[in-house]
Every structure is written in structure tokens, then in C-alpha cells.
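Next come the chains, spelled out residue by residue.
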Amino acid sequence: MSVEHFHGLCHRHMGRAVEIRTHDGRIHRGIIHRVSNNRVFLQPIGRPRNLGGFGYGGWGWGWGAGIGLGFIASLAVLSLFFW
């Protein structure tokens, strides 16, 4: 799927809990905080997996680093009751 598809999908689900799977098999869970032209920024939910954040493009503190829209293989909306 295209970057434009995932950009629109992320924009429509801003503020919702999602699970993003990237092409390299990594899984990121969080609440969509912001969407830029080429990245989606997640607020981590649940227990922290590491202290520095997660994602592509550096370390995140609090909100996590942005995940490149071109790296997204799938996006699923999660129920907050799941956590």
C-alpha cells in the first residue's frame, strides 16, 4: 500500500490506540499523537519496553520517535480495553 494510504489512515485514527507492523517485522503499539508528511508519532501505551523510546529516526522521550510511513506494512486499530 502507498504512503498516501497510510498517511490518511493514520490521520483518520489520530487519538486512537493502534498496532503498527513494519516491513522488517517490528511491532509498535501506541496512541497516534501526530502525523507529519512522512512519519507517524505514537504515545506509548502499556509497560515501557525500553527507556529510550522506539521507532525509526532516533530516540524518543515520552512520545516516542516517528515511524516512517514508508516502513508501515500494516496498521490495526486496537481497543483500549485490550490493555
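Just above sits the structure.
Student: Residue-level account of the pattern of salt bridges, with values.
Tutor: Evaluated as defined, the whole model comprises three salt bridges. Where Glu19 meets Arg29, a salt bridge forms, and the shortest distance between an N and an O atom there is 2.7 Å. Highlighted residues: Glu19 in strand E1 (residues 17-22) and Arg29 in strand E2 (residues 27-35), separated in sequence by ten residues. The class of Arg29 is partly exposed, set by a relative accessible area of 26%. Across the pair Asp24 and Arg26 runs a salt bridge whose closest N-O atoms are separated by 3.5 Å. Within the structure, one salt-bridge network assembled from shared partners comprises Glu19, Arg21 and Arg29.

Calculation criteria
Residues numbered from 1 in each chain as written. Predicted model: local features only at pLDDT ≥ 70, side-chain atom pairs only at ≥ 80, totals over all residues. Heavy atoms only, no water. Salt bridge = Lys/Arg side-chain N within 4 Å of Asp/Glu carboxyl O. Helix = DSSP H or I, 4+ residues; strand = E, 2+ residues; numbered from the N terminus. Buried < 20%, exposed > 50% of the residue type's maximum accessible area, 1.4 Å probe, protein only.

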